[in-house]
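A look at the structure
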Amino acid sequence: MNQECEHLLRTEAPQVLGALVRRFGRFDIAEDAVQEALLAASRTWPSEGVPDNPRSWLIRVGYRRMVDLLRSDQARHRREQEAGAAELAMQAPGRRADPAPETDDSLTLLHLCCHPALEPTSQVALTLRAVGGLTTAEIAHAYGTTEPTMGARISRAKQRLARAGARFTPPADADRDGRMAAVMRVLYLIFNEGYTATAGDRLARVDLTGEAIRLTRMLHATLPDDAEVTGLLALMLLTESRRTARTDGGDLVPLDEQDRTRWDRDLIDEGTALIDAVWNRAETGPYQLQAAIAAVHAAAASPDQTDWAQIAVLYLWLERLTPTAPVQLSRVVAVAHAHGPSRGLALLDDLDQRHHLDRHPLTRQREHAVRAHLLQMTGETARAAALYRQAADLTANEVEQRYLLNKATTLTP
């Protein structure tokens, strides 16, 4: 299936799902029906061509499959009634579905998939399937697990939504801010997993970063005046602009060694324009701050022109808003570049003592790598080599592991 067809299917997936849920009121079954409609299209369209109205085609196929799914489980009286009602609704010639809706259900679906009853991992998986249109096999592959395991996780998530009484409606005013924060967090998690994969033989998963950017563009189109949504999109674009320069022949290339002519200027220009448009327009949030940091990096034509002092200040601001271990460790790196490795090591020692970055599951591996780099800069090569090896042992990403072991080898007499 070509990329244009694949993009069309993923764009239409949330609209088709919205139409089925509004009609039948069963998100769990409707989501399965949409997946089968997308699968049918992926098999049919490449050879027979894309229909004139692809959304109507998908809705019609989804309706038919929805009826079949409802009728197959008539042991329960309620589902039996739903199947009967659905069959009556579909008795028009050719089982024609209602006209394709003009409404955009993407935001409502994102809110539903990020319901507080779900754990973050389930929110991510359900978002990728229901809103992104990815198959269970694609999601499982991206996260290094088996299709049955991922399928079970998605099934449990849908069951939990049903038990929680989740409805296909926008959240109430009291819940909207919290739900929107969850939506942005899920999109951010998807992007981060794609940008540096947890495991595997590739540094990045372009399928995940691309999907995160696509969904965030969709969210931004729905909420163009939301400064944090704009900041999140800017952050993704500015970060993604460096992707092709991060590896050379399959080996990792750190930021200060990257060929900046390989950075994507179109993404940089778009991301910078987005963050400039909302900077200081409203209360500054964490995604805007991270986008501002990425924009400072993007503005430097060479590593020695990077305004690390400004980046250190931005990280301090970000740490006050979100005092998480990854943010604290990133501030260490910025301080070391701005004021020297000794200052960086002193700050790292203080943060380890107060917040245990060297034991935190989100920073343990990177703390070892950062400390090794700073020790190398101060001339303590033996300690640095040992820490590089420890950091390599703590990652399952083969590209990152190879880079760290090579660093250790070069420091070993």
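Summary of the structure given here. Here the structure is a predicted model, which means the values were calculated and not measured.

Looking at where T306 falls in the secondary structure, it is placed in the loop between helix 13 (286-299) and helix 14 (308-321). Judged by relative accessible area, which is 10%, T306 ranks as buried. A polar side-chain atom of T306 sits 3.0 Å from the main-chain carbonyl oxygen of P303. Not counting residues within four places of it along the chain, the set of residues in contact with T306 comprises R260, H297, A300 and I311.

Tracing the chain through its elements places R383 in helix 18 (residues 381-393). On a C-alpha basis, the gap between R383 and E240 in space is 33 Å, while along the polypeptide they are 143 residues apart.

What follows concerns the packing of helix 10 (residues 206-222) against helix 11 (residues 227-240). What describes two packed helices is the angle between their axes and the distance between those same axes. Remark: helix 10 packs on helix 11, axes separated minimally by 9 Å, with the N-to-C direction vectors making an angle of 150°. As the angle between them shows, helix 10 and helix 11 are arranged roughly antiparallel. Viewed along their axes, helix 10 and helix 11 form a crossing whose handedness is left-handed. Residue-level inspection shows T209, A212, I213, T216, R217, L219 and H220 of helix 10 in contact with helix 11, the latter providing V229, T230, L232, L233, M236, L237 and E240.

A word on the packing of aromatic side chains. The final tally for this structure, using the stated rule, is 5 aromatic pairs. Judged by centre distance (5.3 Å) and plane angle (65°), the ring pair of F24 and Y63 falls under edge-to-face. Highlighted residues: F24 in helix 1 (residues 3-24) and Y63 in helix 3 (residues 54-71), separated in sequence by 39 residues. Its relative accessible area of 2% is what places Y63 among the buried residues. Ring centres of Y188 and Y287 lie 5.4 Å apart, and the angle between their planes is 65°; this geometry places the pair in the edge-to-face category. In this pair, Y188 is assigned in helix 9 (residues 173-195) and Y287 in helix 13, connecting sequence segments 99 residues apart. For R246, the ring lying beneath its charged end belongs to Y195, and the centroid distance is 3.8 Å.

What counts, and at which threshold
- Note on numbering: residues in each chain are counted from 1, in written sequence order.
- A pLDDT threshold of at least 70 governs which residues receive local features in this predicted model, and a stricter bar of 80 or more applies before side-chain atom pairs are shown or counted, although totals over entire chains, interfaces and linings include all residues.
- Only hydrogens and water are set aside; all other atoms, that is, all heavy atoms of the structure, feed into the side-chain values.
- We count a stretch as a helix when DSSP gives it H or I for four or more residues in a row; a strand needs E for two or more, and each element gets its number in order from the N terminus.
- Note on exposure labels: buried denotes an accessible area under 20% of the residue type's maximum, exposed denotes more than 50%, and partly exposed covers the range between, all computed with a 1.4 Å probe on protein chains only.
- Identification of polar contacts relies on pairs of N or O atoms within 3.5 Å, with a donor-acceptor requirement for protein atoms, meaning one able to donate a hydrogen and the other able to accept it, and with residues adjacent in sequence counted only if both atoms are side-chain atoms.
- Residue contacts follow a heavy-atom distance rule, with two residues in contact if any of their heavy atoms lie within 4.5 Å.
- Fitted lines through C-alpha atoms give the axes, limited to the stretch in contact for helices. The angle between two N-to-C directions lies from 0 to 180 degrees.
- We call two directions roughly parallel when the angle between them is under 35 degrees, roughly antiparallel when it is over 145, roughly perpendicular when it lies between 65 and 115, and oblique otherwise.
- Crossings are classed by handedness, with left-handed meaning an anticlockwise turn of the near helix from the far one by less than a right angle and right-handed meaning a clockwise turn.
- Ring pairs are drawn from Phe, Tyr and Trp, using the six-membered ring of Trp, whenever the two centres fall within 6.5 Å, and their geometry is named by plane angle: stacked under 30 degrees, edge-to-face over 60, tilted for the rest.
- Two conditions define a charge located above a ring, namely a distance within 6 Å from the ring centre to NZ of Lys or CZ of Arg, and an angle within 35 degrees of the ring normal.

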